[in-house]
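# Survey of secondary and tertiary structure
The primary structure of each chain is shown beneath.
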Amino acid sequence: MRTLEPPQGHVDKPRDALIHLAGMTLAAAIFAVDLSLPLAYAIGILYVLVIVLGLWTDWRPYPVLSAMGVTTLLVLDVVAGWSDNPPPVIFVDRPLMALVFIATATIVARFKQLERQSFANVQQLEDLKRALDHAAIVATTDVTGRITYVNDKFCEISGYSREELLGQDHRIINSGYHSKAFIRDLWRTIANGRVWHAEFRNRAKDGRFYWVDTTIVPFLDARGKPHQYIAIRFDITARKAAEARLAQQAALARVGQMAAVVAHEVRNPLAGIKGALQVLMSRRKATDPELPVMRDVVGRIDSLGELINDLMIFARPRPPRPTTFQLRPLLAEAIGMLRRDPAGASLEVAIEGPNVTLTADEELIRATVLNLLLNAAQAMNGQGRVTMTIAEQEKRCVLQIRDTGPGIPPEIRDQVFEPFFTTKARGGGLGLPIARRTAELHGGTLTLACPDSGGTVFTLNVPLRALPAPEEPAA
Ligand SMILES: Nc1ncnc2c1ncn2[C@@H]1O[C@H](COP(=O)(O)OP(=O)(O)O)[C@@H](O)[C@H]1O
Ligand SMILES: [Mg+2]
């Protein structure tokens with residue numbers, strides 16, 4: 001905001017002194033002219049100028065004192081009779097002038113008071129704005145939603161510069177998370193002059209998401225129509241993340257309870273059923289027409305057993321037990337295990353890149369690789385190529401597993417890492433969540449990309465030496 005006047009308490013002393021001096025000199029000069037040109041008594045009205053100088057000084061008594069001063073000069077003149085003005089003139093003329101002086105002094109004093117008041121108001125607004133800018137993310141827009149002002153915090157959190165934001169509308173930070181109806185409700189509310197409040201997910205310039213508690217207040221004109229909106233936001237990203245973590249922990253705790261029941265009540269009887277079937281099978285001739293059916297049943301029991309295992313691992317992850325090993329032989333072992341699965345029997349699998357030595361939980365890493373290989377095999381119906389590329393970057397091991405399958409549709413890419421999300425008739429939807437958690441337990445990441453050239457690429461990025469296992473939060 002523009003500064004109108006030097007702030008109160010910082011009175012411009014030298015300027016005031018100069019004006020006071022000018023006032024006195026002017027009064028003396030007018031007095032001298034008034035005396036030496038006795039007939040030009042209208043000259044006396046120029047004393048008003050002395051009082052008007054009060055507009056430029058911050059010394060409050062100035063208008064009154066100067067009016068009193070010039071009136072004294074008039075009275076002196078009348079009493080001493082220096083200017084030889086004829087009595088009727090002087091007795092009517094001089095009191096009238098004194099009246100004009102008092103009126104002028106009142107006007108000047110009143111004006112100065114208003115000026116001080118409005119300055120104090122502006123100052124207070126400025127202070128409020130400064131306080132708000134410190135506390136919140138602030139933006140204003142015109143009625144069409146075009147951004148007309150953003151504060152530093154807005155630039156900071158969104159990652160955009162002020163120049164990039166001004167003149168744009170808020171679609172620039174839209175994360176696409178909220179429904180059209182939600183946005184429509186926002187606009188309807190503020191266009192009707194009402195305040196809108198909600199939690200909003202935005203996207204920063206670098207693609208990062210952030211959550212803000214948002215209040216939008218319309219500024220209304222005299223007819224009650226909005227002419228501007230101010231949006232005041234607070235960063236609640238950390239709270240949102242904590243809430244999500246809590247919800248996930250609660251879900252995990254429930255899964256954990258269920259897994260314990262399932263393990264006990266289902267896994268043990270299943271093992272019994274499978275054993276009994278195998279005994280029956282061993283008593284049949286190899287040509288028995290019922291043998292393939294029994295083999296199929298055993299196959300299904302095995303996949304049920306795997307699902308239960310996954311459930312147990314997911315619900316009760318164990319902290320990594322790091323050992324030091326070579327990655328290439330581990331990948332070869334995983335390929336060997338893949339071959340035993342019907343989907344992976346005739347897949348082309350290649351390993352590229354240098355061998356690296358890893359310190360990590362060998363068993364967990366092998367299970368993760370096998371999981372990704374099986375997913376690729378299933379996505380390609382057993383026909384296609386998988387390339388595993390090893391690279392070493394800044395003390396980290398980067399393993400890419402690329403397939404020539406159909407890829408993952410963009411609309412479900414976010415979901416495939418969620419527990420129990422599956423597109424398969426007999427899938428458990430726990431493979432990727434477990435794989436990602438294994439990566440995270442090692443201080444690493446598991447990400448996915450679907451290049452334009454087709455297929456799916458999963459990238460496992462873990463430190464060459466696994467960090468000590470992070471404390472699992474008590475569920
Ligand atoms: N390589 C891949 N190509 C295509 N889709 C994949 C691939 N890997 C995973 N997916 C998708 O991700 C989903 C979740 O995978 P996952 O968590 O392993 O569970 P599941 O394999 O039991 O379905 C799969 O159902 C599939 O739709
Ligand atoms: Mg899977």
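Worth saying up front: this structure is predicted, and the values here are computed from it rather than measured. (Residues numbered from 1 in each chain as written. Chains lettered and ligands numbered in written order. Predicted model: local features only at pLDDT ≥ 70, side-chain atom pairs only at ≥ 80, totals over all residues. Heavy atoms only, no water.)

A few words on the pattern of salt bridges. Inspection of every chain in the model, using the stated rule, returns 23 salt bridges. When the shortest N-O distance is used, the salt bridge between Asp302 and Lys274 registers 2.7 Å. Of the two residues, Asp302 sits in helix H9 (residues 291–315) while Lys274 sits in helix H8 (residues 237–282), which places them 28 residues apart along the sequence. By relative accessible area, Asp302 is classed as partly exposed at 33%. (Salt bridge = Lys/Arg side-chain N within 4 Å of Asp/Glu carboxyl O. Helix = DSSP H or I, 4+ residues; strand = E, 2+ residues; numbered from the N terminus. Buried < 20%, exposed > 50% of the residue type's maximum accessible area, 1.4 Å probe, protein only.)

Note: strand S1 (residues 137–142) against strand S2 (residues 147–150), three bridges, orientation antiparallel. Bridged to Thr140 within S2 is Tyr149. Count of turn residues in the S1/S2 antiparallel hairpin: four residues, of which Gly145 carries a positive phi of about 95°. (Pairing = 2+ DSSP bridges.)

Moving on, we get to the environment of Ile230. Here Ile230 shows up in strand S5 (residues 226–235). Separated by 78 residues in the primary sequence, Ile230 and Ile308 have C-alpha atoms spaced 54 Å apart.

Here we take up the domain arrangement of the protein chain. Domains assigned within the protein chain are domain 1 (13–133), domain 2 (136–235), domain 3 (248–315) and domain 4 (323–463). Its C-alpha centre places domain 1 at a distance of 52 Å from the equivalent point of domain 2. (Domains from an automatic or database assignment.)

Here we take up the environment of Ile147. Examined against the element boundaries, Ile147 turns out to sit in strand S2. For the pair Ile147 and Tyr177, spaced 30 residues apart in the sequence, the C-alpha separation amounts to 21 Å. Excluding residues that lie within four positions of it along the chain, Ile147 makes contacts with Thr140, Thr141, Leu165, Leu166, Gly167, Gln168, Asp169 and His170. (Contact = heavy atoms within 4.5 Å.)

Further remarks concern the confidence of the model for the protein chain. Low-pLDDT portions of the prediction should not be read for the details of their coordinates. On average, residues of the protein chain carry a pLDDT of 88, and 93% of them reach 70 or more. For the stretch residues 1–9, pLDDT sits under 50, and the model shows 14 contacts to residues farther than four places along the chain or on other chains. (pLDDT = per-residue confidence, 0-100.)

Further remarks concern the site of ligand 1. Lining the immediate environment of ligand 1, one finds 20 residues, of which Asp403, Thr422, Thr423, Lys424 and Gly429 sit closest. Backbone polar atom of Leu432 to an oxygen atom of ligand 1: 2.8 Å apart, as the coordinates give it. Coverage of ligand 1 by the protein chains reaches 92% of its 530 Å² of free accessible surface. Across the shell around ligand 1, the residue classes tally to nine nonpolar, nine polar and two charged. (Near = heavy atom within 4 Å. Polar contact = N/O pair within 3.5 Å; in protein donor to acceptor, adjacent residues only side chain to side chain. Areas by Shrake-Rupley, 256 points an atom, 1.4 Å probe, with all protein chains shown as cover. Nonpolar A, V, L, I, M, F, W, Y, C, P; charged D, E, K, R; others polar.)

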